[in-house]
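# Summary of structural features
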Amino acid sequence: LDSRYKILLLSEKVHPDIAAIKSVLDKNKNYEVELENTTDFTHNIENYNLIILFHLNKKTSQLLQKIKESNVSVLMISNSVNTSLITQIYSGFSVIGKNKNQEITTDFNPNFSKFSISPSLRNYIQDLPPLQSPFGTYTYPISAEVLLFQKIGMYTTEKPFVLLDESNNRKIGLILGEGLWKWRINDRKEGEIHKNFDELISKIS
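Here we summarise the structure given alongside this text. (Residues numbered from 1 in each chain as written. Predicted model: local features only at pLDDT ≥ 70, side-chain atom pairs only at ≥ 80, totals over all residues. Heavy atoms only, no water.)

## Considering the sheet that holds strand β10 (residues 155–167)
- Taken together, the 9 strands give an open sheet; going across it, the order is β2-β1-β3-β4-β11-β10-β9-β6-β7, and neighbouring strands pair in mixed fashion. Two strands bound the open sheet, and with one partner strand each, they are β2 (31–37) and β7 (131–134). The mean inter-strand angle of the sheet, taken between neighbouring strand axes irrespective of direction, is 30 degrees.
- Relative to strand β9 (residues 145–152), strand β6 (residues 101–108) runs antiparallel, the two sharing 4 bridges. (Pairing = 2+ DSSP bridges. Helix = DSSP H or I, 4+ residues; strand = E, 2+ residues; numbered from the N terminus. Axes fitted to C-alpha atoms, helices over the stretch in contact; angles between N-to-C directions.)

Rendered as structure tokens:
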């Protein structure tokens with residue numbers, strides 16, 4: 001029997017963040033990874049263990065409803081344009097703003113408890129190029145745990161950049177921004193290319 005962990009990557013458009021995340025997942029022989037366009041996707045949602053959604057848009061509303069009605073774990077990667085669509089799957093989350101992005105870096109939440117982080121990854125996160133994240137006021141359920149907070153300049157905010165939760169027997173994750181490909185290409189210590197980025201994405205997945 002094929003016992004591999006089946007991961008579906010769904011997107012409406014091509015984006016370097018998709019390639020960055022897929023490059024990590026493809027390294028794991030226990031994962032079976034499929035990349036599909038949201039417009040062309042016709043398979044059964046229940047065939048997968050994890051669905052990773054990139055850059056949701058209004059055209060995907062029907063598909064989002066099918067995902068909502070399933071119990072499949074979901075990781076949503078969002079930008080300022082589509083944060084309102086997240087609530088179709090993850091009630092209790094919202095960003096109230098003007099559909100604009102702002103430049104941010106990130107900082108670890110020392111109280112995060114779902115999994116451990118290596119000292120190498122902690123150090124790596126402290127010195128990375130900025131990303132673009134939705135600007136606004138964030139609301140999310142108290143059951144959620146923030147892995148990475150948004151940092152503006154030297155100030156660490158309470159706004160999440162990576163957030164993980166379990167809702168109605170389903171695991172839900174959010175990565176609230178764009179530019180992860182920049183993190184990957186900056187992970188190039190001699191003999192350990194992409195080691196930290198791989199750890200981050202693998203543990204979230």
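Still more ground to cover, so stick around.
## Points about the pattern of salt bridges
- By the definition in use, this model includes 4 salt bridges.
- The closest approach of N and O atoms between Glu-32 and Arg-4, which form a salt bridge, is 3.3 Å. In this pair, Glu-32 is assigned in strand β2 and Arg-4 in the segment before β1 (5–11), connecting sequence segments 28 residues apart.
- A relative accessible area of 36% places Arg-4 in the partly exposed class. (Salt bridge = Lys/Arg side-chain N within 4 Å of Asp/Glu carboxyl O. Buried < 20%, exposed > 50% of the residue type's maximum accessible area, 1.4 Å probe, protein only.)

## Concerning the packing of aromatic side chains
- What the rule picks out here adds up to 6 aromatic pairs.
- For the ring pair Phe-112 and Phe-115, a centre distance of 4.9 Å and an interplane angle of 70 degrees mean the geometry is edge-to-face.
- Taken together through their ring pairs, the aromatic side chains of Tyr-90, Phe-93 and Tyr-138 make up a single cluster.
- Positioned above the aromatic ring of Phe-108 is the side chain of Arg-122, whose terminal nitrogen or guanidinium carbon lies 5.6 Å from the ring centre. (Phe/Tyr/Trp six-rings, centres within 6.5 Å; stacked < 30°, edge-to-face > 60°. Lys NZ or Arg CZ within 6 Å of the ring centre and 35° of its normal.)

## Quick notes on the side chain of Ser-205
- Turning to its location among the elements, Ser-205 is positioned in the segment after α6 (195–204).
- In contact with Ser-205, other than residues within four places in its own chain, are Tyr-5, Leu-25 and Leu-50. (Contact = heavy atoms within 4.5 Å.)

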